[in-house]
Amino acid sequence: MIPSDTARYVAEIDEGILDEQLAAWQTEQPKLGVLVLLPEAEREAVTRIQHVFARRRVPLAGAVFPALTEAGAFRTRGAWLLRFDEMPYVALYPDLPREEGKIPAALDAITADLKSHLGEGRDVTLFLLFDAMVPNIATLLDELYLRLANRVHYMGANAGSESFKPMPCLFDGSRTMQDGVLAMLLQPHRGTVLEHGYRAPEQMLTATSTEGNRILQIDWRPAFEVYREIARAQYCIEIDQQNFYQYAVHFPFGIVRANGMILVRIPVALEKDGSLFCIGEVPPNALLTLLKAPDVDSAHTIETLTEGLEGLGAPVAGKELLLFYCAGRRLHLGVEAAEHELRLLAERTRARWIAGALSLGEIGSSSQWEYPQFQNATLVASYWGQRTS
Amino acid sequence: MSQEQQILTILYDMAISIGSEVSLKPLLVKTLQRLLYHTSFPAGLVLLDVSTDDVAGNVEATLEAAIGDFELEGGTGRVLKLPAVLLRGGPELREAPELLTRFAGKGNAYTAFLRLPIDRNGVILLLAARVPHTDLPLTRIFQPVMAILSKAILLCRHYDAHTAGLVTERNTAWEDLHKVNRALKTMSACNEVLVRAVDEPALLEEMCRVVVDVGGYRMAWVGYAQQDEQKSVRPLAQSGPETGYLKKLRYSWADDEFGRGPTGLAIRSGEAHVVMDALTDPSFAPWRSAANEIGFASVLALPITDGEGHTFGALTINTAKADSFHEEEIRLLRELADDLSYGITSLRTRAERARTAEQLYRGLEDTIQALSATVEMRDPYTSGHQRRVAALAAAIGAELGLTPDRINGIRLAGMVHDVGKVGIPAEILSKPSLLTSIEVQMVREHAEMGYNILKDVKFSWPIAEITRQHHERLDGSGYPRGLKGDAICLEARIVAVADVVESMASHRPYRPSRGMLAALEEIAAYRGTHFDAQAVDACRKVLEAGFRWS
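Residues numbered from 1 in each chain as written. Chains lettered and ligands numbered in written order. Predicted model: local features only at pLDDT ≥ 70, side-chain atom pairs only at ≥ 80, totals over all residues.

**So, the overall build of chain B**
Within chain B, the secondary structure is distributed over 20 helices and 11 strands. By sequence separation, contacts in chain B at least 24 residues apart represent 60% of the contacts at least 6 residues apart. (Helix = DSSP H or I, 4+ residues; strand = E, 2+ residues; numbered from the N terminus. Contact = placed C-beta atoms within 7 Å.)

So this is what it looks like as structure tokens:
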């Protein structure tokens, strides 16, 4: 018997199983479409998946993440198939502009396209899956907000490899793409909530020289030098390009906001010139706080997240949820603690199912109709599909 | 981290953000973005130039920037009437939906606001559906930033005004350059037209076409002053989309309402005249409604003069935009009109010369015909001989690929090659028996005599020399001078062949016709010795091709 739920995790990517599932869904919803989440280890399966969907003439959109979350655990194999009763508008926008001067024209074109597919309803969510290697996602998000404002809610996550090597990680029925964004207009949909629960620490550093998503200097010294000292003092280890990410996740940067919340930026790679590569930009000359081995209050995080979901207008129990869990957060907490958070979320929300992936940056806000943020180290949760209330 | 440290980082971020902008719009947008980012409010407005007077509790203010609300963004730049209590007063964070009804739309329902006064004339409002959570005193922490923002707004406004001035200046310079370039392109193309021109109507049409197609002007036309009672101006050529335009309108070069427009003035004064705005210039009144209908706004008329400086017409150029003609552009177009004047004069002179030459040629031919007739009257047996030699020699010249002008010279020479026979007694010319040696000598003198008759007539061709040499032979056996080879001109060599062939093929008083075949055998026998080989071959081809004397 093929499950007829609106989402299915398949432990093995078998064309027969996929075909059977699509056939079963097609009898219920002839206009269906599917979002496929794949773990990095299954990236070679994209072409096979596209063939199955093409044969069945089912619209497809998808992305490759470091891992998936399923039943309170992280999975490196299989795939999540998330069904839309009717495929929403999906667009792949390649070659996102990096130079400041080229951004307005490119964003004008993208938003003109999106606006032409917006319905009349108030609750529309712009669901964005970025390639994590795009270096200016926060800027692009600000520019999208300038153009689309409150026409949409904002939600998203970054796909790609946890090794931070470029790879095609976004796809639809016929194309695969990197260095771009996959955008979907979910309607009706009430957006997402995002929470990290990282606490503001005491020590403050100044990123005295930054360039987009690269930090060149901290406190007027080469950034790497500062990091090396901290790692020595805290863990008695020498950090280098190979082990950098493994330790840097314990020393993310925090950008303090006036609402008391902290925007987290995890340096994920050490460049050859000694600069630190972050997922997401750091404002030039920003005063940053160094979240040295930050305490994370998991229970509070899950509680806030659940309350946020309920604030979107519906009791969460029995609902279907989509979750993005930050890869850097998992590395900082450790797999066991991270999976504990997943199970806490399932218990607290009593959701019907929670489908998700390990992400490399997240987009959302703490509650509905807030200025959207591009964050690291967070959990981003939303209701799945049209069943928002 | 202490609250003070947190506030410090926020102020630092805001100050850096404000300090990095030099233009008003980006400054306000960036400031709002940072405020929304820090406070989690979803929407923000900057209202400037807040009025000091309030009417029924409302004040007016200009919405300079809005982000986060697509409906409010649409009102950017407009003056809004808003409750005075919302815009005036110190920093305030409160829930007051009744004050925010003006901002309600499809996409929002605001109940809370954070007011941040910039200075006496400006205020920032952040709007939300409910007061966002914060532990920091939002109403106080941004005050130092607002003081900086106030000064930054002033500086940015100055910068924008300065930049706008520079942009206007640059645009003006660019437009002037474009206009001059337009005139230069037109001049260059028109010069090519002048070089290629073969007749006056085609020159005028082509000039007008180039002015419109290459120069990008809307219309161009050329009119000539008529010497009629109304002193009308007759359009002779035009180019542009409205082909029927000129037919509907009346132009004159008299000092009346139809002659006080640019075209009439240019013809009367011999100077360029421009109407920068056809819609307002009083002198353009007779043509205004038509110009308005088809979208002409500027008109430039340039005089066309003859070689003595008399104006006899005008080139009139129309554009779609008012104030279109730049001073330098007018100067260049004036040059263009001068070139056109020169072209017309030159074509007229050329035509005049051609007419004179034609008349001269006809006169010459008549004279030659008369000369030829005089000779033939005295020698009836050779009647028609010169005409027939002329025809055959011309045909040989054509077969040899000579130019039409050279062939013409050969034909004329053929017509008079025996003119020297007028000096030979008629009885010798018509003597039916063989001539004595003295008589032969006398006959042979006709070549030199012909030369003496013709040598002082200024022909364009060596007629006298051909006449003198037509009995010379390549091997030096001819007369009167026994010239050899290339010393005998080609024309004479051709006439010699034609003369022999015609003579042998015709009756003579002293013998009957020997026939064309014998004539051909004769020249073939002496091909290369007496007669030019190429001329002989060409003659054979001409005759074989069916040449007949008419």
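From this point, the narrative continues.
**Structural notes on the interface of chain B and chain A**
Taken residue by residue, the interface counts 34 residues in chain B and 25 residues in chain A. Mapped by element, the contributors of at least two residues to the side of chain B that touches chain A are helix H1 (3–19), helix H2 (24–39), helix H3 (70–73) and helix H5 (138–141) of chain B. A total of seven residues in the side of chain B that touches chain A trace back to one element, the largest contributor, which is H1(B).

**Some words on the environment of B:Tyr37**
Mapped onto the fold, B:Tyr37 is located in helix H2. Look at B:Tyr37 and you get buried, because 25 C-beta atoms sit within 10 Å. (Buried ≥ 20, exposed ≤ 12 C-beta atoms within 10 Å, placed from the backbone.)

**Things to note about the sheet that holds strand E23 (residues 320–326) of chain A**
All names here are of chain A. Strand order in the open sheet formed by six strands is E5-E4-E24-E23-E27-E13, and the pairing between neighbours is mixed. Whereas interior strands pair on both sides, the edge strands pair on one side only; in this sheet they are strand E5 (73–75) and strand E13 (192–195). Averaged over neighbouring strand pairs, the angle between their axes works out to 25° when direction is ignored. Helix H7 (residues 298–311) contacts E13 and strand E27 (379–383) of the sheet and is inclined by roughly 165° relative to E13. (Pairing = 2+ DSSP bridges. Axes fitted to C-alpha atoms, helices over the stretch in contact; angles between N-to-C directions.)

**Focus: unusual backbone geometry**
Between A:Gln187 and the following residue, A:Pro188, the backbone shows a cis peptide bond with an omega angle of 0°. Structurally, A:Pro188 is set in the loop between strand E12 (181–186) and E13. B:Pro480 follows B:Tyr479 through a cis peptide bond whose omega is 10°. Its place among the elements puts B:Pro480 in the loop between helix H17 (463–469) and helix H18 (490–505). In this model, A:Asp179 sits at a positive phi of 60°, which is unusual for a non-glycine residue. Mapped onto the elements, A:Asp179 comes out in the loop between strand E11 (176–177) and E12. We note that B:Ala56 has phi near 50°; this positive angle belongs to a residue other than glycine. Looking at the element boundaries, B:Ala56 is found in the loop between strand E1 (43–48) and strand E2 (58–67).

**A few points about the nonpolar core**
Counting 180 residues, the largest nonpolar core has A:Val36, A:Leu37, B:Leu126 and B:Leu127 as the members making the most contacts within it. Apart from residues lying up to four places away in sequence, A:Leu37 is in contact with A:Gly62, A:Ala63, A:Phe65, A:Leu68, A:Ala79, A:Trp80 and A:Ala357. Listed in part, the 46 residues of the second largest apolar core include B:Cys190, B:Ala197, B:Phe296 and B:Ala337. (Core = buried A, V, L, I, M, F, W, Y, C linked by C-beta atoms within 7 Å.)

**Considering the pairing of E1(B)**
Residue and element names in this part refer to chain B. For E1, a buried count of five out of six residues is recorded, marking the element as mostly surrounded by other parts of the structure. Here E1 runs beside strand E6 (residues 122–128); their pairing, made up of five bridges, is antiparallel. Note that in E6 the partner of leucine 47 across the bridge is valine 123. In this sheet, E2 lies alongside E1 in antiparallel orientation, the contact comprising five bridges. For leucine 45, the partnering residue across the bridge sits in E2 and is alanine 66.

**Section: helix H20 (residues 533–544) of chain B**
Residue and element names in this part refer to chain B. Along its 12 residues, H20 runs 16 Å from first to last C-alpha, staying within 8% of the 16 Å computed at 1.5 Å per residue. Residues Ala535, Val536, Ala538, Cys539 and Val542 constitute the buried set of H20. One face of H20 carries all of its buried residues, which in axial projection span an arc of 165°. Exposed residues lying more than 90 degrees from the buried face of H20 are Ala533 and Glu544. Where H20 is buried, its residues meet helix H12 (385–399), H18 and helix H19 (515–525). Following H20 by one or two positions, glycine 546 has its phi on the positive side, about 100°. (Expected span 1.5 Å × (residues − 1). Arc of directions from axis to C-beta.)

**Some details on the sheet that holds E11(A)**
Residues and elements named next belong to chain A. Within the open sheet, the six strands sit side by side as E1-E6-E2-E3-E10-E11. Their pairing is mixed. Looking at the sheet topology across the chains shown, the edges are occupied by strand E1 (7–10) and E11. In terms of strand pairing, strand E3 (residues 60–65) meets strand E10 (residues 170–172) through three bridges, oriented antiparallel. Within E10, the residue paired with alanine 63 across the bridge is leucine 170.

**Focus: the confidence of the model for chain B**
Residues shown with low pLDDT carry predicted positions that ought not to be read at fine detail. The pLDDT averaged across chain B works out to 87; a share of 98% of its residues lies at or above 70. Reported for the predicted complex are a pTM of 0.64 and an ipTM of 0.84. (pLDDT = per-residue confidence, 0-100.)

**Points about helix H2 (residues 46–56) of chain A**
All names here are of chain A. Listing the buried residues of H2 in full gives Val46, Ile49 and Phe53. Down the axis of H2, the sector holding all buried residues measures 65°, keeping them to one side. Structural note: H2 exposes Thr47, Ala54 and Arg55 on the side pointing more than 90 degrees away from its buried face. Elements that come into contact with the buried residues of H2 comprise helix H1 (15–28), strand E2 (33–39), E3, E10 and E11. After H2 finishes, the residue arginine 57 shows a positive phi value of roughly 55°.

**Details of the packing of H2(B) against helix H6 (residues 143–196) of chain B**
Residue and element names in this part refer to chain B. The geometry of H2 relative to H6 is characterised by a closest axis approach of 8 Å and an angle of 150° between their N-to-C directions. Classed by the angle they form, the pair H2 and H6 counts as roughly antiparallel. Contacts between H2 and H6 involve Leu24, Leu27 and Thr31 from the first element and Leu149, Ala152, Ile153, Cys156, Arg157 and Asp160 from the second. (Parallel < 35°, antiparallel > 145°, perpendicular 65-115°, else oblique.)

**A word on the packing of H1(A) against H2(A)**
Residue and element names in this part refer to chain A. In the contact formed by H1 and H2, the axes pass within 10 Å of each other and the chain directions differ by 35°. Judged by the sense of rotation from one axis to the other, the crossing of H1 with H2 is right-handed. Of the residues in H2, those in contact with Glu15, Leu18, Asp19, Leu22, Ala23 and Gln26 of H1 are Arg48, Ile49, Val52 and Arg56. Considered class by class, the residues forming the contact of H1 with H2 number five nonpolar, one polar and four charged. (Left-handed = near helix turned anticlockwise from the far one by under 90°. Nonpolar A, V, L, I, M, F, W, Y, C, P; charged D, E, K, R; others polar.)

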